[in-house]
Amino acid sequence: QATPYAPQSLEPQGPTRLEVLDIPALRDADATPGVYLAAAGYVAAWRGAVVLRSVDGGASWATVSRMDQAAAIGATLTALPAAPRGAVWDCAAVLDVRLPAGVTLASASDTSVYAGANALLVGSELLQFGSTQALGGGDWRLTRLLRARRGTEPDAATVRAAGARVVLLAAAALDRVDCALADRGRVLRWRAVTDGQPVAEAIERAVEHQAVAMRPLPPVQLAAVRAANGDVLLRWEAQSRVGE
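Here's a quick rundown of the structure. (Residues numbered from 1 in each chain as written. Predicted model: local features only at pLDDT ≥ 70, side-chain atom pairs only at ≥ 80, totals over all residues. Heavy atoms only, no water.)

## Points about the environment of T194
Inclusion rule: Helix and strand labels come from DSSP, where a helix needs a run of H or I of at least four residues and a strand needs a run of E of at least two; each type is numbered from the N terminus. Burial classification: accessible surface area is computed with a 1.4 Å probe over protein chains only, and a residue below 20% of its type maximum counts as buried, one above 50% as exposed, and the rest as partly exposed. Definition of a polar contact: a pair of N or O atoms within 3.5 Å, with one able to donate and the other able to accept a hydrogen when the atoms are protein atoms, and with sequence-neighbouring residues admitted only if both atoms are side-chain atoms.
Mapped onto the secondary structure, T194 falls in strand β13 (residues 187-194). A relative accessible area of 3% places T194 in the buried class. Measuring from C-alpha to C-alpha, the distance between T194 and L18 comes to 11 Å, with 176 residues separating the pair along the chain. One polar contact links the side chain of T194 to the main-chain carbonyl oxygen of G14, over a distance of 3.0 Å.

Given below as structure tokens:
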């Protein structure tokens, strides 16, 4: 007599959303040319993907990463005003974002934020948030923002319209991929192939590599002093990408 088996079904995983984050280094150990990858599925059944990269316009492809943990990727629902000059904490801005269902955000103390908690990429600005409010349906209101982190002051200098990409920068959901310094200015092509799906169904991204992680940070504590002979002496402090 045949042993009865319970019927089983496999939900289709669908395509993978891949974000190529050409941003400043998030850790001292990453102070080399490279990018971060964040991936997630469009459906709950997503279980992972393999990421391929082409540096020759698609003539050849190489596997560069295996992504198993879904990143929290969403979008802003409201505009993000320009960061106030001369201020680090932005206590006036209110930012509403939409993240995938099941993602939970928590408020954090100033000490925890300074230690790296609640890091978020909004467009190309790195910021952190201290206070959160759940609005329902995957929508969150973020306040007490620590703006323009890791040298992204130029990205925070103008208003960013609603609809900008949002990526929660959780270390476990990101992968660092090295790039050659010679790739700066070159368009690199990326594919995220969902497990069990053919390569032909992968969504392809073409991203011009800017090697942002290697850019020098802007100087700080600029001061001008007029000397007795009328000359103006300028002083400033250089920032380091490592050890800060």
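## Here we look at unusual backbone geometry
Of note, the phi angle at R144 is positive, near 50°, even though the residue is not glycine. Residue position: R144 is located in strand β10 (residues 139-146). A relative accessible area of 28% places R144 in the partly exposed class. Phi is positive for R150, which is not a glycine, with a value near 55°. Along the chain, R150 falls in the loop between β10 and β11 (165-168). Classification of R150 by relative accessible area gives partly exposed; the value is 29%.

## With respect to the sheet that holds β13
Put simply, the test is: The criterion for strand pairing is that DSSP finds at least two bridges linking the strands in question. All axes here are fitted lines through C-alpha atoms, helices being fitted over the stretch that makes contact, and every angle between N-to-C directions spans 0 to 180 degrees.
As summarised here, the arrangement of the 4 strands in space is β4-β3-β13-β14, forming an open sheet in which the pairing is antiparallel. Each edge of the open sheet is held by one strand with a lone partner, namely β4 (62-67) and β14 (203-208). The mean angle between the axes of side-by-side strands here comes to 25°, regardless of whether they run parallel or antiparallel. Relative to β13, strand β3 (residues 49-54) runs antiparallel, the two sharing 6 bridges. The partner of L52 across the bridge, within β13, is R191.

## What to know about a nonpolar patch on the surface
Let me state the cut-off plainly: Patches draw on residues past 30% relative accessible area with no salt bridge. Two like charges within 9 Å are joined, as are two nonpolar side chains (Val, Leu, Ile, Met, Phe, Trp, Tyr) within 5 Å. The accessible surface values rely on the Shrake-Rupley method and a 1.4 Å probe; as for residues, cover is taken only from the protein chains in view. For salt bridges, the criterion is a side-chain nitrogen of Lys or Arg within 4 Å of an Asp or Glu carboxyl oxygen.
A cluster of nonpolar side chains, contributed by L222, V232, L234 and W236, occupies part of the molecular surface with about 450 Å² of accessible area. Looking at the secondary structure, you find L222 in strand β15 (residues 220-226).

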